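Each chain, written out:
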Amino acid sequence: MITARAAATFDPVGRSVAAARAFVRDTLQGWGFTDVVDDAVVLTSELVTNAVVHAGTAADVACLRTEDGVRVEVADRYPEREVPLQSAGVHFGSPDREGGRGLLLCAALASRWGVEYTATYKQVWFQLDLPDRPAGTRSAGPALPAEALPVTDARVRVAVIQIDGPGAISSWNEDAQELFGFGPEQVTGKPLTDFAAWPHTPGTSTGIAEALQLSRWEGSYGIRGADGRVIPVYASHLRVRDADGDPSTVCLLVRDHERAVLQTPSRSSAADSTSAIERGSANDAFEVFIGSPAPDDLDGLLQRTVERARDMLDGDSAYLLLATDDETELEVRASTGLPSSRQRFARVPVEAGSGRYGSARMPAVHEDLSAVPGAVPLLSNTGMRSVVTVPLKVEGRLTGSLGVAAETPGRYSNEEALRLQFAADRIALAVESARLTELERLRRGSLSFLVEASDLLAGTLDRDQTLALMAQMTVPTLASWCAVYTIADPASEPELSYVLHEDEDRIDGLKALLAKVEPPEPVTTPGARVWTAPSAAAHAAALRTSLRSLGLGDSVRPATGPGTSLATASAVGGETVVLPLLARNRVIGMLTLGKPTDEHFRQEILELAEDLSRRAALALDNARLYSERTAISQSLQRSLLPPELPEVPGVEVEVIYRAAGEGNEVGGDFYDLFPIRDGAYGFAIGDVCGTGPEAAAVTGLARHALRLLAREGFGGPAVLERLNAAILDEGARSRFLTLLYGELWPQDDGSAVLKIVCAGHPLPLRLRQSGQVEAAAEPQPLLGVMDDLELYEQTVALDPGDVLLCVTDGVTERREGTRMLGDDGLIDVLTTCTGLTAGAVAARVLRAVERFAAEPASDDMAILAMRVPEPQLAGHSG
């Protein structure tokens, strides 16, 4: 006796097989025939495949409910198909062959089956009987051997706890007292959360308060016993109404290792329709639609969702969009039947188009997209004509949109919208939970990325290195390619400063392309904006190149060949965005990020890129300021150094100068050698107290004053006395100064006469040709300390072969631990320099100083060596 009937017709297209499976599954689950759903779906799938794929005809499917089971009939319009006979001695053939496999499965799985013919069609039917089951049995597993049964304690204790509406314990049975050690009087009226250690099972995301509000829930957590220890339990919660009609929750708890006592058997993994959803089954509606097990990752969950939605409504395509944080835009995250590479991460406004068809906040059915162009921008130029879209909402907030589309108009009605909305309502919370999990993971990754980026950018003050770091941090992490434009000053045009692509072979082509494109307009508005010029130029260049290669364009072929332009177009053809580099209220450049053909940026990536651009802009501006100030400092410092040393007839002169401190070219030590008048030369070597810019300022004062006073005709003592007065006039900025000043007169006989004043400076040393070393002057008071100085000069004669060595205290005070080179050490080094030129003497002294200690010198250092060559050497060299 037939008690219910459902029928549908499916077109001869491949997607009809999935639609037929969904139809049979929906129908049988709606009738409560879950025990035979799997076999019915398998048989229907094979029979419909035979009809719509192999026979190429439409398929009529009918489900008939009887008192004992279900009968499914599948009819097609190809009656000449071979039918295997189920009789003795007849070979059915291989089950792997395509022809007749559905009939073989009918013979194997169905209780009864058969084939009926007419002149125009063939019908295959099969009967599936329901298994006998005692009344009240929900489900039963197979018989198991004793050793396979779950292990329990000698006596299984099931704690029965009743929780009232506010969440307090109202009933506590004897087994609960035995399991946890609390008597009823100790727990009654107290919240269950006071005793629950939640969650016990890793990965459990539902809180105890939420679990107590659900109509049915099963899972693990812990109960803190009277002795303070946490007892792992497995719980089954059932929401009921008490005698007064108030809701409460009954909790059955066993020890966690005895969970088999309470745990519901695993559901069938083949439940993928929405009939159970429409019946209001809340506890497993999500798995009914998605299938079990559900994908762990967000992308997998979204892809499964669109595939199931498409099959459920017999669509040609489906898509799912997630809302941005401000809910003003929707971002495509999954699609099927659409060009996913082009659509993925594309963004559309929430309110697009007109009327109810354009709003993402309400279900919408569009019977013909061609009648309202642009109503669903995502489906433009895809061939889709009809579409149904429903919102995904969590606690009244829009979190996304799910749509199913078909190539034919008028496919969907409000009934399909209602079915799809039921499914969307059940999966919205799971999707939002997965999205928040992914967002948290992305934010953690973003934070780590930004911390590392900040460290790298803070580690350099070099402009070129900063540009390279900016590009290398974005490619390929954030984009496929990157270009950095810089703006020197507000009146300057943007300049293409750095280009990087994840494929190094594409960098030159990309750079050449961007050089031909007008730079993006610098704007102060923060955030990313789309820039279409690169992709448009790339596509145009590729088209011209293709035409030339086919002989349809200019006769001159491009030198780069067609491959380069086409590859560049593919590499640059996706979405391109520009982020301003804002530093100190000025646009100093633009950071340009691009994707390959048909790809879009995710909103989270753009937000991360915006954070990076702020840090990079400040680092780039710091590098610019540092470079400018370094250039100014070095220019000023170079002005304090003397110009090229003059050639002194008959005297070799060599100077070595080292300023302490990174970036310093001039410090507190200085030297000079300059002509005073015909046949006379002035020389000086000094040391201002301290190092750095303050000492360099006194250095400049001393060097220029020496030249000026000496050329005015003042002798050595007078020059230094006037310089002392000038230093004291500087007041608080003055610093004391040690100075060795002298005048040099080369003589016709090959010797040289020197007049020297040594004001607090290390004494000059004279190396005789015999190897003897002696001081060439006496010490006198340093400058910058006393007003009245009485200085005198001493005359020294250098014979041929003699060397006069003048150094600053950076040489003699070179230290290694407690050891110091000192005057004696310098004398020992100079003793070994007999017969060496002035340059060789200075180099040997420097080498000895450097080798004396492993650490770099911490004080400025100057070495001035003058040597009168021997006559024969001078004659030989001439």
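Note that the structure is a prediction, hence the values are computed from the model and not measured. (Residues numbered from 1 in each chain as written. Predicted model: local features only at pLDDT ≥ 70, side-chain atom pairs only at ≥ 80, totals over all residues. Heavy atoms only, no water.)

(A) Quick peek at the overall build of the chain. In terms of regular secondary structure, the chain is built from 23 helices and 34 strands. Going through the 878 residues of the chain one by one, you find that 46% of them count as buried. Sequence separation of 24 or more characterises 60% of the internal contacts of the chain that already satisfy a separation of 6 or more. By element, 50% of the accessible surface of the chain is carried by carbon and sulfur atoms, the whole surface being about 42100 Å². (Helix = DSSP H or I, 4+ residues; strand = E, 2+ residues; numbered from the N terminus. Buried < 20%, exposed > 50% of the residue type's maximum accessible area, 1.4 Å probe, protein only. Contact = heavy atoms within 4.5 Å. Areas by Shrake-Rupley, 256 points an atom, 1.4 Å probe, with all protein chains shown as cover.)

(B) Highlighting the packing of helix H21 (residues 822–831) against helix H22 (residues 838–852). Direction vectors running N to C along H21 and H22 enclose 135°, while the axes themselves pass 10 Å from each other. Between H21 and H22, the angle is such that the two are oblique. By crossing handedness, the relation of H21 to H22 is classed as right-handed. Contacts from Leu826, Val829 and Leu830 in H21 reach Val841, Arg844, Val845 and Ala848 in H22. Residue composition of the contact of H21 with H22, grouped by class: 6 nonpolar, no polar and 1 charged. (Axes fitted to C-alpha atoms, helices over the stretch in contact; angles between N-to-C directions. Parallel < 35°, antiparallel > 145°, perpendicular 65-115°, else oblique. Left-handed = near helix turned anticlockwise from the far one by under 90°. Nonpolar A, V, L, I, M, F, W, Y, C, P; charged D, E, K, R; others polar.)

(C) Spatial organisation of unusual backbone geometry. A cis amide bond links Val475 to the next residue, Pro476, at an omega of 0°. With respect to the helices and strands, Pro476 occurs in the loop between helix H13 (463–474) and strand S18 (481–486). For Asp314, which is not glycine, the phi torsion reads 55° and is therefore positive. Among the secondary structure elements, Asp314 is positioned in the loop between helix H9 (298–312) and strand S12 (317–323). A relative accessible area of 27% means that Asp314 is categorised as partly exposed. Phi is positive for Arg584, close to 55°, though the residue is something other than glycine. Summarising the element assignment, Arg584 is placed in the loop between strand S21 (576–583) and strand S22 (586–594).

(D) How the structure looks around the pattern of salt bridges. Evaluation of the coordinates by the stated rule reveals 26 salt bridges. Residue Arg463 pairs with Asp464 through a salt bridge whose shortest N-O separation is 3.3 Å. Overall, the relative accessible area of 32% leaves Arg463 in the partly exposed class. Between Glu774 and Arg768 there is a salt bridge; the shortest N-O distance is 2.9 Å. Note on Arg768: relative accessible area 24%, which makes it partly exposed. When salt bridges that share partners are traced, they join Arg584, Asp621, Arg624 and Glu628 into one network. (Salt bridge = Lys/Arg side-chain N within 4 Å of Asp/Glu carboxyl O.)

(E) Just the confidence of the model for the chain, in detail. Of the residues in the chain, 82% reach a pLDDT of 70 or more, and the chain-wide mean stands at 80. Contacts for the low-pLDDT stretch residues 555–564, under 50 throughout, to residues beyond four places or in other chains number 10 contacts. In this model, residues 873–878 is a region of pLDDT below 50 whose contacts with residues beyond four sequence positions or in other chains number 1 contact. (pLDDT = per-residue confidence, 0-100.)

(F) Representation of the nonpolar core. Residues Leu28, Trp31, Val48, Val61, Val70, Phe126 and Leu128 are the most contacted members of the largest nonpolar core, which totals 33 residues. Of all the secondary-structure elements, those providing two or more residues to this core are strand S1 (2–10), helix H1 (15–31), helix H2 (37–55), strand S2 (59–66), strand S3 (69–76), helix H3 (101–109) and strand S5 (122–129). Here the element with the most residues in this core is H2; it accounts for 8 residues. Residue contacts for Val48: discarding those within four places in its chain leaves Ser16, Val17, Ala20, Val53, Ala59, Val61 and Val74. Counting 32 residues, the second-largest nonpolar core is a separate cluster that includes Leu467, Met473, Ala479 and Leu593. (Core = buried A, V, L, I, M, F, W, Y, C linked by side-chain atoms within 4.5 Å.)

(G) Fine view of the pairing of strand S13 (residues 329–336). The element S13 is extensively covered by neighbouring structure, given that 7 of its 8 residues are classed as buried. In terms of strand pairing, S12 meets S13 through 6 bridges, oriented antiparallel. Paired with Ala323 across the strands is Leu330, a residue of S13. (Pairing = 2+ DSSP bridges.)

(H) How the structure looks around the environment of Leu469. Note that Leu469 resides in helix H13. Judged by relative accessible area, Leu469 falls into the buried class, the value being 13%. For the pair Leu469 and Ala616, spaced 147 residues apart in the sequence, the C-alpha separation amounts to 8.8 Å.

(I) Highlighting the sheet that holds strand S29 (residues 773–775). Taken in spatial order, the 5 strands line up as S23-S34-S31-S28-S29 in an open sheet, and their pairing is antiparallel. Edge positions in the open sheet fall to strand S23 (652–658) and S29, since each of these has one partner strand only. On average, each strand axis in the sheet is inclined to that of its neighbour by 20°, with strand direction left out of account. As defined by bridge partners, strand S28 (residues 765–767) adjoins S29 across 3 bridges and the pair is classed as antiparallel. By the bridge assignment for S29, Leu767 is matched with Val773. Of the strands in this sheet, S28, S29 and strand S31 (803–807) touch H21, which is tilted by about 25° from S28. Sitting on the sheet, H22 touches S23, S31 and strand S34 (861–867), and the angle it makes with S23 is about 25°.

(J) Spatial organisation of H2. If you check H2, its first and last C-alpha atoms are 25 Å apart, about what 19 residues at 1.5 Å a residue would give, namely 27 Å. Bending of H2 peaks at approximately 30° at the position of Thr49. H2 sits mainly inside the fold: 14 of its 19 residues count as buried. (Expected span 1.5 Å × (residues − 1). Bend = angle between axes of the 7 residues up to and from the residue.)

(K) Inspection of the environment of Leu109 at higher detail. Within the element layout of this structure, Leu109 appears in helix H3. A sequence separation of 19 residues divides Leu109 from Leu128, and the C-alpha atoms of the two residues are 8.2 Å apart. When near neighbours in sequence (up to four residues on either side) are disregarded, Leu109 contacts Asp39, Val42, Leu43 and Leu128.

(L) Region of the structure containing the sheet that holds strand S6 (residues 159–163). Read across the sheet, 6 strands follow the order S7-S6-S11-S10-S9-S8 without closing on themselves; strand pairing throughout is antiparallel. Unpaired on one side and paired on the other, strand S7 (169–172) and strand S8 (196–197) mark the two borders of the sheet. Note: S6 against S7, 3 bridges, orientation antiparallel. Residue pairing in the sheet places Ile161 in a bridge with Trp172 of S7.

(M) Main features of the packing of H1 against H2. Running from N to C, H1 and H2 cross one another at 150°; their axes reach a closest spacing of 9 Å. With respect to H2, the element H1 is oriented roughly antiparallel. For the pair H1 and H2, the crossing hand works out as right-handed. Mapping the contact onto sequence places Ser16, Val17, Ala20, Arg21, Val24, Arg25, Leu28 and Gln29 in H1 and Val37, Asp38, Ala40, Val41, Thr44, Ser45, Val48, Thr49, Val52 and Val53 in H2. Tallied by class, residues from the contact of H1 with H2 come to 10 nonpolar, 5 polar and 3 charged.

(N) Broad picture of H1. The end-to-end C-alpha distance of H1, which contains 17 residues, comes to 25 Å, matching closely the 24 Å that a straight helix rising 1.5 Å per residue would cover. Among the 17 residues in H1, 14 count as buried, and that is most of the element.

(O) Region of interest: the side chain of Arg867. Structurally, the position occupied by Arg867 is in strand S34. In this structure Arg867 comes out as buried when scored by relative accessible area, which is 3%. Of note is the side chain of Arg867, whose polar atom sits 3.0 Å from the backbone oxygen of Leu836. (Polar contact = N/O pair within 3.5 Å; in protein donor to acceptor, adjacent residues only side chain to side chain.)

(P) Seen up close, the packing of aromatic side chains. With the rule as written, the count across this model stands at 5 aromatic pairs. Seen from their ring centres, Trp172 and Phe180 are 5.9 Å apart, and the 55° between their planes marks the pair as tilted. Classification of Trp172 as buried rests on a relative accessible area of 8%. Classification of Phe180 by relative accessible area gives buried; the value is 3%. (Phe/Tyr/Trp six-rings, centres within 6.5 Å; stacked < 30°, edge-to-face > 60°.)

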